[in-house]
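Here are the chains, one letter per residue:
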Amino acid sequence: MARYRGRHAAQQKAGKASGHRRRFQLSSSRYRRGLGGTAIAAVVMAALTASQAPGVELGGDHGKGRSDAAGDRSPGDDSYETQLPPLESPHPPEGASPGGSGDESGIPASVLKAYKDAAKSLASRTPGCGLRWELLAGIGKVESGQARGGAVDKDGTTLRPILGPVLNGAGFANIKDTDGGRWDGDTRYDRAVGPMQFIPSTWDRWGADGNGDGRKDPNNVYDAALAAGQYLCADGRDLSAKADLDRAILSYNNSDAYLRTVLAWFAYYREGTHSVPDTEGPLLPTSPGLGESGGGPDKGGSPSGPGKGTSPSKPSEPSKPGKPSEPGNPGGGGDHDGGDDGDDGGTPSPDPTAPDAIVADGTKSFSAVAGEKFAKSPRVKVETSKGKGVKGVKVDFAIDGATEASFDGGAKKATVTTDAKGFAEAPGLDAGAKVGSFTVHASVPGKKLGTVDFTAEVAAAEADKLERTSEVVMSAPKNSAFALPVKIKATRKGEPVANTAVTAKLDNTTEGPHFENDKGEPVRTPVKLTTNEDGVAEVGKLFADDKPGDYTLTLTAEGGATVTVKLTITG
């Protein structure tokens, strides 16, 4: 996403003479004259001529200044693919499922699923947006040639990094490094990353987890598609309305030419598509466009993001998903005005053996009883971009919250080095005496891999045993008081349990032993008690009526521990 770098086909020859590199040619066979009056033909002709075709409104202000679009800064790097769709409405290839006119309308299966999943997710989360997956497909086509024709692994992550040009001010924006090289491998300047071409600072804000693996990776087509959808839907846009649709696309790249190109593919895909196998899609151009480098505001301007010298906009100054350097065939070569795609030359791609992410291993929620140790400790894995564990990485674990919990030895922080498989487990965790919840943060110091948060709950101790403190027989003559009170002790694993609730209940509510209220009236309803610091509780004074016999008093502690006491009224 970026400044428009292509020209009309008639200008290609002149462009070549000026020494600019070309990645593909707009052949006359591709841009057929048989329009057939279709809507797609009108849209594409409008894109080719940079003017509106009869009956087709493309939007934008066509050079009049766009404060509404320019305010919402684009996520990418000012470069994009200028290839346009055929001028015929697509038809299914013979024997294929509906949609598509040969390879041009085919979309790699994983990429197609990512677009549809993102649109479905946003339909429930932001129902007023009206995002169609075909819009994501149009942008994905222009930004990276559908992830280089579906060159992704089984999880949807690109097989090779898709990187835009180095944003060092030489023909593109000048954006100093914002991610420590985590995503783009460049610690001096930023580069747009992934199939939807996000600048790292923008990904930091808009990144999403589209495949539910607990990670937000701009190189993953599911994550990138959902993030792009969220970005397009921002600011309460209704993409079924033409004005909002135009504004959304222009927010991705503030260029009329970019708007026309995306709209052309959007309309084309809406006429019909079909799924093709990953990495076996159409032959794709090997560089992101024709034309000169450089450019200024009239050509889409330079991207900017939070802190880049522009006032915040709705929604709070997003950066811009930019354009890939090599949206070509999987394994294709080419150059991109100083950028590369992670092969040779330019800034090297991220080290495939370097730490790329920190993820939770197992549960992220823990619980323990006050005064005891947690049965398990937080555990994480530090892994490469391909999910392989990285040995020897230091991981910081830190306890955060109003709690008395601590790691072994009473520390609130601990550093653990990953093992041969990339795993690091926090030291033993003591719950402390205070009831409540807290958080354990896990992070890799000195690297922008994010933070994994674990939640921990400390529950009040519950007695596992309840017993009388005396074996004295409880008896009383009729119409008199029991001489001794009933005392019980609550313990857990042999230790006293203080401040735990105990209920005393008589088995007979109509006759026999009873309590008395302030008025001396008999009371046989359950009585609530609380143990003291020694775990002991005493039942109130008991009285006998005129009904001799044996009765039962049952005491139950919170958590279920129970003891029964025999009460006898003698004649």
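Values in this document were obtained by computation on a predicted structure and should not be read as measured data.

**Quick word on the layout of surface pockets**
Approximately 620 Å³ is the volume attributed to the largest pocket. Arg182, Lys216, Leu449, Gly450 and Thr451 are the residues nearest the centre of the largest pocket, which is lined by 26 residues in total. Sorting the residues of the lining of the largest pocket by element identifies helix 6 (200-206), strand 3 (357-360) and strand 12 (451-459) as the ones contributing at least two each. Here the lining of the largest pocket is built from residues that sort into nine nonpolar, six polar and 11 charged.

**What about the pattern of salt bridges?**
Counted by the stated rule, this structure contains 18 salt bridges. With its nearest N and O atoms 3.3 Å apart, the salt bridge here joins arginine 132 to glutamate 134. Owing to a relative accessible area of 35%, arginine 132 belongs among the partly exposed residues under this scheme. We classify glutamate 134 as buried; its relative accessible area is 7%. Salt bridges linked by common partners bring Arg215, Asp217, Asp356 and Glu383 together as one network.

**What about helix 4 (residues 109-125)?**
Between its terminal C-alpha atoms helix 4 stretches 24 Å, which fits the 24 Å expected from 17 residues at 1.5 Å a residue. Turning to helix 4, its buried residues are Ser110, Val111, Leu112, Ala114, Tyr115, Ala118, Ala119 and Leu122. At its buried positions, helix 4 is contacted by strand 1 (106-108), helix 5 (133-150), helix 7 (221-233) and strand 2 (274-276).

**Details of the side chain of histidine 514**
Relative to the assigned elements, histidine 514 resides in the loop between strand 17 (501-506) and strand 18 (515-516). At a separation of 3.3 Å, a polar atom in the side chain of histidine 514 contacts the main-chain carbonyl oxygen of glycine 512. The contacts of histidine 514, once residues within four sequence positions are left out, are Leu506, Pro522, Val523, Arg524, Lys541, Leu542, Phe543, Ala544 and Asp545.

**Regarding the confidence of the model for the chain**
Looking at the chain as a whole, its pLDDT mean stands at 76, while 69% of the residues score no less than 70. Within the model, the stretch residues 1-73 combines pLDDT values under 50 with 211 contacts to residues more than four positions away or in other chains.

**Some points on the environment of aspartate 209**
When you line up the elements, aspartate 209 lands in the loop between helix 6 and helix 7. We classify aspartate 209 as partly exposed; its relative accessible area is 26%. Residues aspartate 209 and alanine 224, 15 residues apart in the sequence, show an inter-C-alpha distance of 8.2 Å. Within polar-contact distance, the side chain of aspartate 209 engages the backbone nitrogen of aspartate 213 at 3.3 Å.

**Describing unusual backbone geometry**
Unusually for a residue other than glycine, arginine 148 sits at a positive phi of about 55°. Relative to the helices and strands, arginine 148 resides in helix 5. Non-glycine residue lysine 493 carries a positive phi angle of around 55°. Turning to its location among the elements, lysine 493 is positioned in the loop between strand 15 (487-492) and strand 16 (495-496). A relative accessible area of 62% places lysine 493 in the exposed class.

**A look at the state of the cysteines**
In the structure shown here, the tally under the stated rule is one disulfide. The residue that forms a disulfide with cysteine 129 is cysteine 233, at a sulfur-sulfur distance of 1.9 Å. For the disulfide bridge between cysteine 129 and cysteine 233, the dihedral angle about the S-S bond is near -80°, and by the sign convention the bridge is left-handed. Taken as a pair, cysteine 129 in the loop between helix 4 and helix 5 and cysteine 233 in helix 7 lie far apart in primary sequence, 104 residues in all.

**Some details on the sheet that holds strand 5 (residues 379-383)**
In spatial order, the strands read 3-5-9; together these three strands make up an open sheet with antiparallel pairing. On the outer flanks of this sheet lie strand 3 and strand 9 (423-425), each paired with one strand and no other. If you compare each strand with its neighbour and ignore which way they point, the axes differ by 25° on average. Relative to strand 9, strand 5 is paired through three bridges, and the arrangement is antiparallel. Residue pairing in the sheet places valine 380 in a bridge with alanine 424 of strand 9.

Rules used throughout
- Residues numbered from 1 in each chain as written.
- Predicted model: local features only at pLDDT ≥ 70, side-chain atom pairs only at ≥ 80, totals over all residues.
- Heavy atoms only, no water.
- 1 Å grid on protein atoms, 1.4 Å probe; cavity = no way out; pocket = protein on both sides within 12 Å on 5 of 7 lines; lining within 4 Å.
- Points joined across faces, edges and corners; volume = space filled by probe spheres on them.
- Helix = DSSP H or I, 4+ residues; strand = E, 2+ residues; numbered from the N terminus.
- Nonpolar A, V, L, I, M, F, W, Y, C, P; charged D, E, K, R; others polar.
- Salt bridge = Lys/Arg side-chain N within 4 Å of Asp/Glu carboxyl O.
- Buried < 20%, exposed > 50% of the residue type's maximum accessible area, 1.4 Å probe, protein only.
- Expected span 1.5 Å × (residues − 1).
- Contact = heavy atoms within 4.5 Å.
- Polar contact = N/O pair within 3.5 Å; in protein donor to acceptor, adjacent residues only side chain to side chain.
- pLDDT = per-residue confidence, 0-100.
- Disulfide = S-S within 2.5 Å.
- Pairing = 2+ DSSP bridges.
- Axes fitted to C-alpha atoms, helices over the stretch in contact; angles between N-to-C directions.

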